[in-house]
Each structure stands twice: as structure tokens, then as C-alpha cells.
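Residue-level listing of the chains:
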Amino acid sequence: MPLIRDVLAGKHEGQPVQLHGWVYRHRTSGGIVFCTLRDSSGVIQCTVKKGVVPDADFEQAKEANNEASVIITGTPAKDPRAPGGWEVKSSAFQLVGKSPDFPIQENQSTELLLDKRHLWLRSRKLTNMMRVKAVMLRGFRAWFDENGFWETTPSVITTNACEGGSTLFTFDYFGQKAFLSQSAQMYLEALIFSLDKVWCLTPSFRAEKSRTTKHLTEFGHLEAEEAWVDYQGNMDIQEQLVAHVAQKVARECEAELVELGREPADLRKVTTPFPRITYDEALERLRKKGFDMKHGDDFGQPHERALMEGAEKPMFVTLWPEEIKAFYMALDGSGKYVRCADLLAPEGYGEIIGGSERSQDVESMKRRLMREPDTDLAAYEWYFDLRKYGSVPHSGFGLGTERVLAWLTKAEHIRDATPFPRSINRAYP
RNA sequence: GCCGCGAUAGCUCAGUCGGUGGAGCGUGGGACUGUUAAUCCCAAGGCCCGCGGUUCGAAUCCGCGUCGCGGCGCCA
């Protein structure tokens, strides 16, 4: 089946083609119908003239409103009057599926576009986003394949309330209380003992009542776990992975990126190594920029934005105070910091990866867990078993695929990085 | 959880001082053989988010509620 992209490239000049697609714009002017046709590859203007096509075809062309599905037979020709410079002179027109009153028109509110998300997915913008996302995911998988990682499939149903129970979706599992997973990390940790280096892409769920442009309640969580790797080696892996994907997207999605407002040259600058600074250094930089901060303060959006001002590639912030990080992160020699790293994206897109070397000290993990009220240590028995039987130094990280895509495509809102975004007020369509 | 803003035709919005609700787009009908989400003519289309209050009279003022959007926090 010929694609519009190829017709626009002149590959079918003068040769009759049959195009399958949807009406992008529909205009009539007396005995001529202008039908702009869209398929997955592009948009081209087709003209349908009375007397040139059979009368029945002309009637169908008049009836084919925006977003009707059609099959057009015609001959492509250069024509300066047509948008895009090419036009298909139709010899036959078949209306396959009518589209009366397509609800999305010239003026749309955010709310309508979210209510009609199943139809808005046809838009140029979301089409481009989905194409870039597919290439990005292909890039992640290719990098892991080429670097000795095994893809695995952990469960998203869990009885472990791993990081703060208030952010978990709870449901009834045959009479038992269970949760939708927030992270596959602990399951991946179990898998490294047989596979060394593993990764997975699973949905993660956060019941946080967040109202921001960088949070979803369900997101694509790309996680990896590596035996015999410390937190420095962990960062080496992350920067190679992210740089590989940025380069691939810049190379293979040039047209989509430009339409989305991202200069491919921006992504070509994303090369290894990425800058690495410690929490203490970050704190110092923030103070110089006028933030009033004390040791142990976490960073919010304004801080992340200030730290990344003018940055062309992502930056790691390492060695955070242990009291503001999770129980499973390995303590450094002093016991006051943890061997972790957050990877911040440029341009205020925020934290795209959180990773760390994992603690092997069961007693200190238990101590830190008990700081949280209502912790059920028994639920972690299986996790502590991993330290009991042949424990190894290991590290891992979690990457938010929609956050990375939002950054790569310069999106205004993370919800456009996924076809059916789930947010605090929305699970439909 | 906190702070803002909003809800009027299918859609996007205007609606003055509280006095019988409008426009553009879309839709239906008509004209047009080169349009660029075209142009011209005609027509249909309303529980002014809900409940209460003030008032002779409320889309308009007040209170409560519901829903939505934006920002902060939390995080990936």
C-alpha cells in the first residue's frame, strides 16, 4: 500500500496510486472537492472533480467530512497551488467510513481534548509523540540487548508497601489486601542472582494527588538492576543508555522533533559523560543563587530548575543525606550519606532517573524502615533473604519513560507522552 | 494536602448597572471548477453546572456543593 510520505517524496509521480487514509480537511467549491488526506506517514491534498470521477464517487467525496475514512485512486503531480507542493488528481473516490460531526474542531479546550482523547490521538502532535516514543523504546531495548542485560517480567501486583503506603493504590486480591506496584526494583533485585544484569519496562502506579506537568498516576517505569556494580558504575550505565537513546531519536525522528518544536541539534549534544556533582556541591550552588537552604533539605522544582539553568545535557546529583532517601540505599563510609544519584534533565524537565547502590546491611535497613510508622517488617522477609543467601554488591535505577519522552520532545505536559494519561481526576477514556 | 482560576448553543467564548440570552466556528439547506480549517445567502439549535439565599425581578450578587484546568508539595 503506497504511503503519502513516498508520494510527497515524488516516488510515484505520474503513476496512478491508491491511497488509504482519513480526511484531514474537507472543502468544496462547486464542481471540485478538495480533500486533504492523512495516513500514518503524512498529509497530501487530493482533488476530486465532477465529470472526471464517476458521479457516484463525486457525491461520496462531497459527503466525506473531516476524519472520514476513504480510499482515493489518482495520479500524483507537482502543483504549486497545493499545500506541500504535491497533489493527487483523483480518478476514483470511495467513502469507507463516514464521520458526521467529528467533535474536535478548530477551537478546543484542554478539557475537551482530554475527554475526546481517543479521537485526539489522530492529531499531528500526538501522532508525532507516539512515533518518537516507539523509537525511544526501541532504543532502550537495543542498548540493553547489546550490553548484556536480560529483559524480565516482574509482577505489578504486590503485597509490599515499599515506599510510603499512602501513595499506593489498594485493591482486593481474593480477600487479601494487595497493591499496584510502585516499582519493580525489589523483584529485579531477586533476579540478579541468576541473571547478573536485568531490566524491565512495567507500569508503575502512584496514588499521589499530584497536580503537575510531570506526574502521572500510571507511568512506564524502565528499571534495571546490576550485580557487582557500585553507584559510580550505575551512573556509567545510565548515561550511556540515555545518550544512546537521545542520539537515536535525533537521528531517526528529525521531522517529528521539528514539528514538535525540538531542535534535533539539542539532542545531538547529549553525549557521555554527564556532569556529576554531589548533594553538598548542589547545595552550595543553590545558596550562591540566593536560595536559603540548610543541609538535609530536599530539592523542589525551583531548585532543580536553577541547578539545570543553561545545561545542555542531564546532570547527576550524588551522595544525598541518608535521612531524605529510601531505606534500601547503601550508606557511604560516614553513615551520613547514601550512595545514590538522581539524574536531572535540562530545561526544568526534572528528575528522569533515580538510582542507587543497594544496601546489604539488613540491620541498618530495618532501623531505617522502622522510622516510618506502621511498617510491617514481616512483609520484607523475602527481601532480606536476598542479603542472607549469597549477597553481592549491586546497584539499580528507575527511569520514567514519559518524563524522558517529554524532555526529548520538549512537551509542555507529561500527559502528551502517553496515549491514555491517568491523572488524579481522570481515568476516562 | 495547600493556593489560584473557571463552568452560558455541539465547540470556543462575550454577556455592561440585577430588567424577556448573543457572536464566531460547526451542523442542515442553497450558490460557487483552485480551495489552503475558503467565500456568500438562509435556517435550526439554550435545565445559563446543582442546591439554597438576597431581591418586585438573578446567567449576573452571596453561601454551600459538584466537576474541570493551572501552580506548589511528593516523586520517575
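Our structure's up above, just so we're on the same page.
Residues numbered from 1 in each chain as written. Chains lettered and ligands numbered in written order. Predicted model: local features only at pLDDT ≥ 70, side-chain atom pairs only at ≥ 80, totals over all residues. Heavy atoms only, no water.

Before we move on, could you go through the overall build of chain A and cite the residues and values that matter?
Check the secondary structure of chain A and you find 14 helices and 16 strands. In terms of overall dimensions, chain A has C-alpha extents of about 85 × 55 × 45 Å along its principal axes. In chain A, which comprises 429 residues, the share counted as buried stands at 48%. Residue pairs in contact within chain A that sit at least 24 positions apart in sequence constitute 66% of those at least 6 positions apart. Here chain A displays about 20,400 Å² of accessible surface, and carbon together with sulfur accounts for 50% of that area. A distance of 5 Å separates the average location of the 55 positive side-chain charges in chain A from that of its 61 negative side-chain charges. (Helix = DSSP H or I, 4+ residues; strand = E, 2+ residues; numbered from the N terminus. Buried < 20%, exposed > 50% of the residue type's maximum accessible area, 1.4 Å probe, protein only. Contact = heavy atoms within 4.5 Å. Areas by Shrake-Rupley, 256 points an atom, 1.4 Å probe, with all protein chains shown as cover. Lys, Arg positive; Asp, Glu negative; His and termini not counted. Charge placed at Lys NZ, Arg CZ, Asp CG, Glu CD.)

Account for the packing of aromatic side chains, naming residues and giving values.
Following the criterion strictly, the structure yields 17 aromatic pairs and no others. Taking 5.0 Å as the distance between ring centres and 50° as the angle between the ring planes, the aromatic pair formed by F299 and W320 counts as tilted. Of this pair, F299 sits in the loop between α10 (279-288) and α11 (301-307) while W320 sits in strand β13 (residues 315-321), and the two are 21 residues apart along the sequence. W320 carries the same exposure label as F299, and that label is buried. Ring plane angle 55° and centroid distance 6.2 Å describe the contact between Y383 and F384, whose orientation is recorded as tilted. Exposure remark for Y383: the relative accessible area of 0% places this residue in the buried category. With a relative accessible area of 4%, F384 lands in the buried category. Through successive ring pairs, a cluster of aromatic residues spans Y187, F327, Y328, Y380, W382, Y383 and F384. For the cation-ring pair, R25 lies above Y24, with the distance from its terminal atom to the ring centre recorded as 4.1 Å. In this structure, R387 is placed above the aromatic ring of Y383, and the distance from its NZ or CZ to the ring centre is 4.4 Å. (Phe/Tyr/Trp six-rings, centres within 6.5 Å; stacked < 30°, edge-to-face > 60°. Lys NZ or Arg CZ within 6 Å of the ring centre and 35° of its normal.)

With reference to specific residues and values, describe helix α14 (residues 401-409).
Across the nine residues that make up α14, a large majority, nine, are buried. The complete set of buried residues in α14 reads T401, E402, R403, V404, L405, A406, W407, L408 and T409. Two residues or fewer after α14 comes K410, characterised by a positive phi angle close to 60°.

Which residues make up α10, and what values do they have?
Buried within α10 we find Y279, A282, L283 and L286. When α10 is viewed along its axis, its buried side chains cluster within an angular range of 100° and face the same direction. Taken together, the buried residues of α10 touch β12 (276-278), α11 and β13. (Arc of directions from axis to C-beta.)

For the pairing of β13, give the residues involved together with the corresponding values.
Within β13, seven of the seven residues are buried, leaving the element largely enclosed by the surrounding structure. Relative to strand β14 (residues 337-345), β13 runs antiparallel, the two sharing six bridges. From the neighbouring strand, T318 faces β14, where its bridge partner is A341. (Pairing = 2+ DSSP bridges.)

Break down a nonpolar patch on the surface for me, citing the residues and quoting the values.
On the surface, I157, Y173 and F174 cluster together into a nonpolar patch covering about 350 Å² of accessible area. Following the sequence through the fold, I157 ends up in strand β7 (residues 157-158). Take I157: its relative accessible area is 37%, and that puts it in the partly exposed class. (Patch = residues over 30% accessible without salt bridge, like charges linked within 9 Å, V, L, I, M, F, W, Y side chains within 5 Å. Salt bridge = Lys/Arg side-chain N within 4 Å of Asp/Glu carboxyl O.)

Tell me what's going on with the packing of helix α6 (residues 185-195) against helix α13 (residues 381-388), and back it up with residues and numbers.
Pairs of packed helices are described in terms of their axes, by the angle between the two and the distance that separates them. The interhelical angle for the contact between α6 and α13, taken along N-to-C directions, is 30°, at an axis separation of 10 Å. In terms of orientation, α6 lies roughly parallel with respect to α13. Both α6 and α13 take part in a crossing whose hand is left-handed. Contacts between α6 and α13 involve Q185, M186, Y187, E189, A190 and F193 from the first element and W382, Y383, L386 and R387 from the second. (Axes fitted to C-alpha atoms, helices over the stretch in contact; angles between N-to-C directions. Parallel < 35°, antiparallel > 145°, perpendicular 65-115°, else oblique. Left-handed = near helix turned anticlockwise from the far one by under 90°.)

An account of the protein's contact with RNA strand B is requested, with residue identities and associated values reported.
Neighbouring residues of RNA strand B: 55 residues in total, closest R81, E87, S109, H215 and R403. Sugar and phosphate atoms constitute 44% of the interface atoms of RNA strand B, taking the interface as everything within 4 Å of the protein. Take Q45: an N or O atom from its side chain is 3.1 Å from a base nitrogen of RNA strand B. H215 places a side-chain nitrogen or oxygen 2.8 Å from a base nitrogen of RNA strand B. Its residues placed into classes, the surface near RNA strand B shows 12 nonpolar, 22 polar and 21 charged. (Near = heavy atom within 4 Å. Polar contact = N/O pair within 3.5 Å; in protein donor to acceptor, adjacent residues only side chain to side chain. Nonpolar A, V, L, I, M, F, W, Y, C, P; charged D, E, K, R; others polar.)

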